[in-house]
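If you want the building blocks of each chain, they are given just below.
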Amino acid sequence: MNGQPSELEDDALVQAARHDRDAFDALYRRYVGQVYRYCYSRVGRRADAEDVTAQTFLAALQGLPDYDGRGSFAAWLFSIARHKCADHHRAGYANPKEPLEAVRGQLDPGAVDPERRALMRGVLDCVRSALEALAPDRREALQLRFWGGLKHRQVGAVMGRSEDAAKMLVWRAVRDLRERCLDEDK
């Protein structure tokens, strides 16, 4: 197993959670980290990401009887998260974004020499601004794939695109970031 939850395991948990709300806890534990990282990448602040993550799981719990099992549970859950993030932005929350590394914790000052740490911060700052400059569909695909940890097929399902279209969006987004932040010939 590659560390990603299997869809068969999800199906069994969803069936159990339909009859026993406590069983939903296993689905929550399985996905809360991925959903939080995705929400954080969209809203940019820890407290807001925590709120949107909580709203996502509450909506999923309430909507579980309507989940029809077509497609993966992860894609369904991230569709809810995507809508909750959009609702957050529509509500007028425009808080300044925290540094990109905050989602994983601060860089350990003792682990990296000062010159390398400055270079890493520069790259992270470039990535943050380059993410904002990406076309919205490319940014969304990248966030779902890397912050959310979804497979390309699931990214496509969340975005209403084919798996190949999702792969292409992610590839183009990575290429754009690389060109903006890592090309030596800028």
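Residues numbered from 1 in each chain as written. Predicted model: local features only at pLDDT ≥ 70, side-chain atom pairs only at ≥ 80, totals over all residues. Heavy atoms only, no water.

### Quick notes on the state of the cysteines
Under the convention used in this document: Two cysteine sulfurs form what is called a disulfide whenever their separation falls within 2.5 Å. For the exposure calls, accessible area comes from a 1.4 Å probe over protein chains only, and a residue counts as buried if that area is under 20% of its type's maximum, exposed if over 50%, partly exposed in between.
Scanning the entire structure with this criterion turns up one disulfide. Looking at the unpaired Cys39, the closest cysteine sulfur is the one in Cys85, lying at 3.8 Å. When its relative accessible area of 0% is taken as the criterion, Cys39 is described as buried. Accessibility expressed as a relative area gives 0% for Cys85, which makes it buried.

### Considerations on the pattern of salt bridges
Stated precisely, the cut-off is as follows: One speaks of a salt bridge when a side-chain nitrogen belonging to Lys or Arg is within 4 Å of a carboxyl oxygen belonging to Asp or Glu. A run of H or I in DSSP becomes a helix once it reaches four residues, and a run of E becomes a strand once it reaches two; helices and strands are each numbered from the N terminus.
Scanning the model with the defined rule gives 11 salt bridges in all. Residue Arg30 pairs with Asp10 through a salt bridge whose shortest N-O separation is 2.7 Å. Taken together, the positions of Arg30 in helix H2 (residues 24–43) and Asp10 in helix H1 (residues 7–19) put the pair 20 residues apart, joining distant regions of the chain. Given the relative accessible area of 26%, Arg30 is considered partly exposed. With a relative accessible area of 2%, Asp10 lands in the buried category.

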